[in-house]
Amino acid sequence: MALEQVFVCPRTVRNLRSGPLGKLQEEFCDWLLGRGFSHYTIRIHF
């Protein structure tokens with residue numbers, strides 16, 4: 001549920017999770033949060 005911590009819009013979260021890379025994007029977001037990246041920086045990487 002890391003994507004909800006970074007992205008406010010439910011549509012954005014839904015779009016990021018759909019498709020073949022959805023699980024990897026969730027894990028990448030969780031990894032970035034775990035290493036102290038700011039929400040702003042994470043949004044830039046996506």
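In what follows, the structure referred to is the one given above.
Residues numbered from 1 in each chain as written. Predicted model: local features only at pLDDT ≥ 70, side-chain atom pairs only at ≥ 80, totals over all residues. Heavy atoms only, no water.

Compared with an ideal rise of 1.5 Å per residue, which puts 13 residues at 18 Å, helix α3 (residues 22–34) spans 18 Å between its outermost C-alpha atoms and is within 8% of the ideal. For α3, the set of buried residues is G22, E26, C29 and L32. Across the axial projection of α3, the buried residues extend over an arc of 125 degrees, all falling on one side. Projecting away from the buried face of α3 at angles above 90 degrees are the exposed residues K23, L24, D30 and G34. Each element contacted by the buried residues of α3 is listed here: α1 (2–6), α2 (10–17) and α4 (39–45). Downstream of α3 by a residue or two, G36 has a phi angle that is positive, lying close to 85 degrees. (Helix = DSSP H or I, 4+ residues; strand = E, 2+ residues; numbered from the N terminus. Expected span 1.5 Å × (residues − 1). Buried < 20%, exposed > 50% of the residue type's maximum accessible area, 1.4 Å probe, protein only. Arc of directions from axis to C-beta. Contact = heavy atoms within 4.5 Å.)

The next thing to look at is the nonpolar core. With nine residues, the main nonpolar core is built from A2, L3, V6, F7, V13, L16, C29, L32 and I42. Elements represented by at least two residues in this core include exactly α1, α2 and α3. Considering every element that reaches this core, the biggest residue donor is α1, with three residues. Non-local contacts of L16, meaning those with residues more than four positions away in its chain, are made with L3, F7, G22, Q25 and F46. (Core = buried A, V, L, I, M, F, W, Y, C linked by side-chain atoms within 4.5 Å.)

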